[in-house]
Amino acid sequence: MTPLLRLTSTFSSTHSFMLLSSSKPPISKQKLFTKSQESHLHLTSPINISRRDVALLSFLALVPFLSQPAPATAFSIGISGPKDWLKEQKKKASKFLLAPIDASREILRSAYLSLTTSEVEYTPKELEEFQRLLRSAARDCIPQERNSFVAFQANTGVEVCTFRLIVKNASSLLDKEDPAKLEAEAMLNDLIRSFTSLNGLVNETGIQDTSNRKKVADALMNTISSLNKFEQGVKYCLEV
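The following paragraphs examine the structure supplied in this document.

Calculation criteria
- Residues numbered from 1 in each chain as written.
- Predicted model: local features only at pLDDT ≥ 70, side-chain atom pairs only at ≥ 80, totals over all residues.
- Heavy atoms only, no water.
- Helix = DSSP H or I, 4+ residues; strand = E, 2+ residues; numbered from the N terminus.
- Buried < 20%, exposed > 50% of the residue type's maximum accessible area, 1.4 Å probe, protein only.
- Contact = heavy atoms within 4.5 Å.
- Disulfide = S-S within 2.5 Å.
- Polar contact = N/O pair within 3.5 Å; in protein donor to acceptor, adjacent residues only side chain to side chain.
- Core = buried A, V, L, I, M, F, W, Y, C linked by side-chain atoms within 4.5 Å.
- Salt bridge = Lys/Arg side-chain N within 4 Å of Asp/Glu carboxyl O.
- Axes fitted to C-alpha atoms, helices over the stretch in contact; angles between N-to-C directions.
- Parallel < 35°, antiparallel > 145°, perpendicular 65-115°, else oblique.
- Nonpolar A, V, L, I, M, F, W, Y, C, P; charged D, E, K, R; others polar.

The next point concerns the overall build of the protein. Tallying secondary structure elements over the protein gives ten helices and zero strands in all. Starting at the N terminus and ending at the C terminus, the protein contains elements arranged as α-α-α-α-α-α-α-α-α-α. Here the protein, with 240 residues, has 25% of them falling under the buried criterion. Sequence-distant contacts, at least 24 apart, represent 75% of the contacts inside the protein between residues at least 6 apart.

Structure (structure tokens):
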């Protein structure tokens, strides 16, 4: 091959190589930066944590603070304890707690006046109303006088006697053997016996006969007296 042909061939091969090399576009700096950034983000991406794990970690972080005892100085700045606060609240609410007692007393007084100021015989309807008033004054504390619904509640363990609930509420902050609590419970039992005797007397003898009216009137006064003593016992528990 002549020198001219070799030169031409060499030039052609070199030119072809350059054309082939230039046909692939060069990687720009922007693409290189993007690729490098993606690689960096992939390497530094955070570990996936579920919400439950986050909540657990948050709770564990709070444990040291929750477990620390309150400083003793918190009790030396005149703040009363919860028991004293509840006692004051009971005193403030004593009017509402004693309201059923006052209402029962008014019913008994009305029944007594009705029985002693008139000698007119009661009609069957009036006698039934008289008995209903006495049952109302007893506040579901006489088992024999409870209606079917109240009796059902009592059989399921629900306390239905209003006077007993009053004692439980008034003495809830007292010790089990506290004298005021024991006295109030004793007065409660006396009150229930008085109501039981009164209602039994009215149901058995009626109030038409003069002698029977006298017995019922005496039983009414005894029940009012028991109610007054019971009220005083509740007040002792409330310290009012």
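Counted according to the given criterion, the structure contains one disulfide. At a sulfur-sulfur separation of 1.9 Å, the disulfide partner of Cys141 is Cys161. On the sign convention where negative is left-handed, the bridge of Cys141 and Cys161, at about 90° about the S-S bond, is right-handed. Linking Cys141 in the loop between α6 (124-138) and α7 (148-155) with Cys161 in the loop between α7 and α8 (162-170), this pair joins segments that are 20 residues apart in sequence. Given a relative accessible area of 1%, Cys161 falls into the buried group.

On the secondary structure map, Leu133 appears in helix α6. For Leu133 and Leu108, which are 25 residues apart along the polypeptide, the C-alpha to C-alpha distance reads 8.1 Å.

Another point: the environment of Lys90. Locating Lys90 in the fold gives a position in helix α4 (residues 82-92). By relative accessible area, which is 18% here, Lys90 ends up buried. The spacing of Lys90 and Ser171 is 81 residues in sequence and 10.0 Å in space, taken between C-alpha atoms. Sequence-distant contacts of Lys90, defined by excluding residues within four places in its chain, comprise Asn169, Ser172, Leu173 and Leu238. From its side chain, Lys90 meets the backbone oxygen of Asn169 in a polar contact 2.5 Å long.

Attention now moves to the nonpolar core. Membership of the largest hydrophobic core comes to 42 residues, with the highest contact counts inside it found for Leu108, Phe130, Phe163, Val216, Leu220, Phe230 and Val234. Contributions of two or more residues to this core are made by α5 (94-116), α6, α8, α9 (179-205) and α10 (210-238). Discounting chain neighbours no more than four positions away, the residues touching Leu220 are Leu108, Ala111, Tyr112, Leu115, Phe130, Leu134 and Leu198.

The next point concerns the pattern of salt bridges. All told, the structure shown has eleven salt bridges when counted by the stated rule. Residues participating in the shared-partner salt-bridge network are Glu88, Lys91 and Glu239.

Right, let's get into the side chain of Thr223. Structurally, Thr223 can be placed in helix α10. Residue classification places Thr223 among the buried residues on the basis of a relative accessible area of 0%. Reaching out from Thr223, the side chain makes a polar contact with the backbone oxygen of Ala219 at a distance of 2.8 Å. Leave out the neighbours within four places in its chain, and Thr223 touches Leu108, Leu191, Ser194, Phe195 and Leu198.

Not every positive phi belongs to a glycine, and Asp140 is a case in point at roughly 60°. Note on placement: Asp140 falls in the loop between α6 and α7. Although it is not a glycine, Glu239 adopts a positive phi angle of roughly 60°. Positionally, Glu239 belongs in the segment after α10.

Viewed as axis vectors pointing N to C, α6 and α9 meet at an angle of 170°, and their least axial separation amounts to 10 Å. For the element pair α6 / α9, the angle class is roughly antiparallel. Only Phe195, Leu198, Asn199, Val202 and Asn203 of α9 make contact with α6, whose side of the interface consists of Phe130, Gln131, Leu134, Arg135, Ala137 and Ala138. Its residues placed into classes, the contact of α6 with α9 shows seven nonpolar, three polar and one charged.

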